[in-house]
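# A closer look at the structure
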Amino acid sequence: MKHLLRTTDPTEIAFARALLSGEGIDCFELDVNMSILDGGIGALPRRLMVADRDHAAAYRALRDNGLSPLDE
């Protein structure tokens, strides 16, 4: 798994997941429970992970749609 996106914005995560789903790319969200524990103030970012083989395509899909995926 590769780290693709880190954000405190839940709408950005939802948008990224919808984009990746539309491209047929499976993704996994980490730190969901940690961000809930912060009381909803958005201090702890969530991370979006993809399989190694899908990273390049996922990176392009997010970048081409105005999101800022992490460079690795």
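Structural data are supplied above this passage.
Everything numeric here is computed off the predicted structure, so don't read it as measured data.

### Here we look at the overall build of the protein chain
- Of regular secondary structure, the protein chain possesses three helices and three strands.
- The order of α-helices and β-strands along the protein chain, N terminus first, is β-α-β-α-β-α.
- The proportion of buried residues among the 72 residues of the protein chain is 36%.
- Counting every atom, the protein chain has about 4,400 Å² of accessible surface; 50% of that belongs to carbon and sulfur.

### Comments concerning the pattern of salt bridges
- A complete count under the given rule lists four salt bridges for this structure.
- Note that Asp 64 and Arg 63 form a salt bridge whose closest N and O atoms lie 3.4 Å from each other.
- Residues joined in a network through salt bridges with shared partners are Arg 17, Glu 29 and Arg 46.

### Some thoughts on the sheet that holds strand E1 (residues 2-7)
- Pairing in this open sheet of three strands is antiparallel, and the strands run E1-E3-E2 from one edge to the other. The two strands at the open ends of the sheet, each matched to only one other strand, are E1 and strand E2 (27-30). Each neighbouring strand pair of the sheet contributes to a mean axis angle of 25 degrees, computed without reference to strand direction.
- Bridge analysis of E1 against strand E3 (residues 46-50) gives five bridges, and the strand direction is antiparallel.

### Structural notes on helix H1 (residues 10-22)
- The end-to-end C-alpha distance of H1, which contains 13 residues, comes to 18 Å, matching closely the 18 Å that a straight helix rising 1.5 Å per residue would cover.
- Looking only at H1, the buried set comprises Glu 12, Ile 13, Ala 16, Leu 19 and Leu 20. Considered in projection along H1, the buried side chains sweep an arc of 130 degrees and stay on one side of the axis. Among the exposed residues of H1, those pointing more than 90 degrees away from its buried face are Thr 11, Ser 21 and Gly 22.
- Buried positions along H1 lie against E1, E2, E3 and helix H3 (55-64).

Conventions and cut-offs
- Residues numbered from 1 in each chain as written.
- Predicted model: local features only at pLDDT ≥ 70, side-chain atom pairs only at ≥ 80, totals over all residues.
- Heavy atoms only, no water.
- Helix = DSSP H or I, 4+ residues; strand = E, 2+ residues; numbered from the N terminus.
- Buried < 20%, exposed > 50% of the residue type's maximum accessible area, 1.4 Å probe, protein only.
- Areas by Shrake-Rupley, 256 points an atom, 1.4 Å probe, with all protein chains shown as cover.
- Salt bridge = Lys/Arg side-chain N within 4 Å of Asp/Glu carboxyl O.
- Pairing = 2+ DSSP bridges.
- Axes fitted to C-alpha atoms, helices over the stretch in contact; angles between N-to-C directions.
- Expected span 1.5 Å × (residues − 1).
- Arc of directions from axis to C-beta.
- Contact = heavy atoms within 4.5 Å.

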